[in-house]
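Remarks on the overall topology
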Amino acid sequence: MIVTPALLNRFNLDSNPFCNIYDRWKSKSLLPAILVMNVLITGASGLLGRAVGAEFKKHSWKVLGLAYSRIKDDLVKVDLNDFEAVSKIIYQFKPHVIIHCAAERSVDKVTEDYENSKKLNVDVSKHLAKLAGDIKAIFVFISTDYVFSGESPPYKEDDQPSPLNLYGDTKLEAEKRIAEINPDSMILRIPVLYGDEEYIGESAISSLIKLLLKKVPTKVSNYEIRYPSNTVDIASIIFQLVMKKLQDHSLKGIFHWCGMESFTKYEMIKVIAEVHGISYDHLSPDNNPSPGSKRPKNSQLSCKRLQDIGLGMHTSFTDGVKCFGKFFN
Ligand SMILES: NC(=O)c1ccc[n+]([C@@H]2O[C@H](COP(=O)([O-])OP(=O)(O)OC[C@H]3O[C@@H](n4cnc5c(N)ncnc54)[C@H](OP(=O)(O)O)[C@@H]3O)[C@@H](O)[C@H]2O)c1
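Nothing here was measured: the structure is a model prediction, and the numbers come from that model.

Some details on the overall build of the protein chain
The number of helices and strands found in the protein chain is twelve helices and 13 strands. Expressed as a percentage of its 329 residues, the buried residues of the protein chain come to 44%. In the protein chain, once contacts between residues fewer than 6 apart in sequence are set aside, the share between residues at least 24 apart is 77%.

Describing the sheet that holds strand β3 (residues 38-42)
For sheets, the rule is that strands pair by backbone hydrogen bonds, running either parallel or antiparallel. The seven strands lie next to each other as β5-β4-β3-β6-β7-β8-β12, forming an open sheet whose pairing is parallel. In the strand order of this sheet, the two ends are held by β5 (76-77) and β12 (253-256), each with one partner. Where β3 and strand β6 (residues 97-100) come together, four bridges link them in parallel fashion. Bridge pairing links Ile-41 to Ile-99 in β6.

Re the site of the ligand
Around the ligand sit 26 residues in total, of which Gly-43, Gly-46, Tyr-68, Ala-102 and Ala-103 are the nearest. Ranked by the residues each element gives to the shell around the ligand, the list is headed by helix α3 (residues 47-58), at three residues. Looking at the shell around the ligand, its residues break down into 15 nonpolar, eight polar and three charged.

Focus on α3
The first and last C-alpha atoms of α3 sit 17 Å apart over twelve residues, in line with the 16 Å expected at 1.5 Å per residue. With nine of twelve residues buried, α3 lies mostly within the body of the structure. All of the buried residues along α3 are Leu-47, Leu-48, Gly-49, Arg-50, Ala-51, Val-52, Gly-53, Glu-55 and Phe-56. Buried residues along α3 sit against β3, β4 (62-67), β6, β7 (138-144), β9 (193-194) and α9 (231-247). Positive backbone phi, at 65°, marks Ser-60, one or two positions downstream of α3.

A closer look at the confidence of the model for the protein chain
Summing up the model confidence of the protein chain, the mean pLDDT is 91 and the portion of residues at 70 or higher is 90%. Note that pLDDT drops below 50 for residues 2-6; the model gives that stretch seven contacts with residues more than four away or on any other chain. Per-residue pLDDT stays below 50 along residues 12-32; that stretch engages in 25 contacts with residues further than four places along the chain or on separate chains.

Description of the nonpolar core
Membership of the largest hydrophobic core comes to 88 residues, with the highest contact counts inside it found for Ile-238, Ile-269 and Ile-272. In contact with Ile-238, other than residues within four places in its own chain, are Val-52, Ile-99, Val-140 and Leu-188.

Here's the deal with the packing of helix α6 (residues 114-134) against helix α7 (residues 166-181)
The interhelical angle for the contact between α6 and α7, taken along N-to-C directions, is 20°, at an axis separation of 9 Å. The orientation of α6 relative to α7 falls into the category roughly parallel. Crossing handedness for the pair α6 and α7: right-handed. Within the contact between the two elements, α6 uses Tyr-114, Ser-117, Lys-118, Asn-121, Val-122, Ser-125, Lys-126, Ala-129, Lys-130 and Gly-133 and α7 uses Leu-166, Thr-170, Lys-171, Glu-173, Ala-174, Arg-177, Ile-178 and Ile-181. Its residues assigned to classes, the contact of α6 with α7 comprises seven nonpolar, five polar and six charged.

Examining unusual backbone geometry
Of note, the bond from Pro-153 into Pro-154 is cis; its omega dihedral lies within 30 degrees of zero at -5°. With a phi angle near 65°, Ser-60 is a residue other than glycine that sits in the positive phi range. Take Ser-60: there are 11 C-beta atoms within 10 Å of it, and that puts it in the exposed class. In this structure, Lys-215 takes a positive phi of about 60° despite not being glycine. Within the fold, Lys-215 resides in the loop between α8 (207-214) and β10 (218-221). By C-beta crowding, Lys-215 is classed as partly exposed, having 13 other C-beta atoms within 10 Å.

Structural notes on α7
Across its 16 residues, α7 extends 22 Å between first and last C-alpha, which sits within 8% of the 22 Å expected from 1.5 Å per residue. By the burial criterion, the buried members of α7 are Leu-166, Tyr-167, Gly-168, Asp-169, Thr-170, Lys-171, Leu-172, Ala-174, Glu-175 and Ile-178. On its buried face, α7 sits against α5 (107-112), α6, β7 and β8 (186-190).

Points about the packing of α3 against α9
Geometrically, a packed helix pair is captured by the angle between its two axes and the distance between the axes. Direction vectors running N to C along α3 and α9 enclose 55°, while the axes themselves pass 8 Å from each other. Relative to α9, α3 is oriented oblique. Along this stretch, α3 crosses α9, giving a crossing that reads as right-handed. Contacts between α3 and α9 involve Leu-47, Leu-48, Ala-51, Val-52, Ala-54, Glu-55 and Phe-56 on the former and, on the latter, Thr-231, Val-232, Ile-234, Ala-235, Ser-236, Ile-238 and Phe-239. Class assignment of the residues belonging to the contact of α3 with α9 gives a composition of eleven nonpolar, two polar and one charged.

Some details on the environment of Ser-229
Here Ser-229 is to be found in strand β11 (residues 229-230). Separated by 88 residues in sequence, Ser-229 and Phe-317 have C-alpha atoms that sit 8.1 Å apart. With near-sequence residues (within four places) excluded, Ser-229 lies in contact with Ile-190, Pro-191, Leu-193, Ile-234, Trp-257, Cys-258 and Gly-259.

Cut-off values and rules
Residues numbered from 1 in each chain as written. Predicted model: local features only at pLDDT ≥ 70, side-chain atom pairs only at ≥ 80, totals over all residues. Helix = DSSP H or I, 4+ residues; strand = E, 2+ residues; numbered from the N terminus. Buried ≥ 20, exposed ≤ 12 C-beta atoms within 10 Å, placed from the backbone. Contact = placed C-beta atoms within 7 Å. Pairing = 2+ DSSP bridges. Near = placed C-beta within 6 Å. Nonpolar A, V, L, I, M, F, W, Y, C, P; charged D, E, K, R; others polar. Expected span 1.5 Å × (residues − 1). pLDDT = per-residue confidence, 0-100. Core = buried A, V, L, I, M, F, W, Y, C linked by C-beta atoms within 7 Å. Axes fitted to C-alpha atoms, helices over the stretch in contact; angles between N-to-C directions. Parallel < 35°, antiparallel > 145°, perpendicular 65-115°, else oblique. Left-handed = near helix turned anticlockwise from the far one by under 90°.

Right, here's the structure in full:
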């Protein structure tokens, strides 16, 4: 990354161990300079966090990924509920950017264990946003289309949220607390994700593969409409957003991104089956609302704010689901 004086002023670089190059710039021996930027990613073992880590590494950033139960490679284990441990890590690493991906994102689990889910989704998010503000790091919080009721899509960033379930409640509450405590934060709302997954069922999309493989006559939801997003696309959008923020510090608040194609679950299954040459004759569409916790019928997000500043990326669903090939071998 090329460093300009404006960018250097944006951060407290004097105390950053990775920025000794700044000293050379200050002594005028190196201008422009190449600076190592560092990013801390929470939930780095998760579906989105893995893609975000890969994206920043691709651009030669120094990445510190935090995880909890799935520790491998260079991930660092920490319980984000342990505020003291988290503060220590952040003050030691001094990230220029914090991407907060960790959350309890299962609607049913949030309903079953609301207190602990609220601690992770709200209290931890608030703590990280405060820390980011204290060390002048850019803070990106990942939120969800489930803050909307799904009755009047497409939703713009300033449309009134009205979550139908407790998961949506916790994410909306986190958004509000973050905006209060660190108004410079960026909040990215995204829809259902899929991507390079560790097991069948890691995402709501790959869960459909179980129905394909089971070969038992089953009805599949053909009611709720979704705009699945590939994790590689979202990781790229996050990276693009951070780069924009480095150029324009006034960029803040809520942003929306979602895939460009709409599907019901039944329609997604058809695409996955056709791409991988599997029969779906045993499956039939169910045109009634899905049972269980209430979910929005159609929470399509308008991506105009990001598109207007030149950001975006969309992998077609047909191409994106090719990565499920390993589950059919
Ligand atoms: N997946 C979707 O369809 C979707 C849709 C819209 C929005 N989102 C949002 O996108 C973000 C990323 O979701 P995701 O699908 O990547 O989630 P995920 O795959 O379920 O990953 C959750 C991550 O949080 C970490 N984590 C959980 N509890 C922790 C704790 N106490 N301390 C430290 N780390 C903890 C997990 O670590 P370990 O696994 O190592 O324990 C994991 O890395 C979330 O904010 C979610 O609300 C997701």
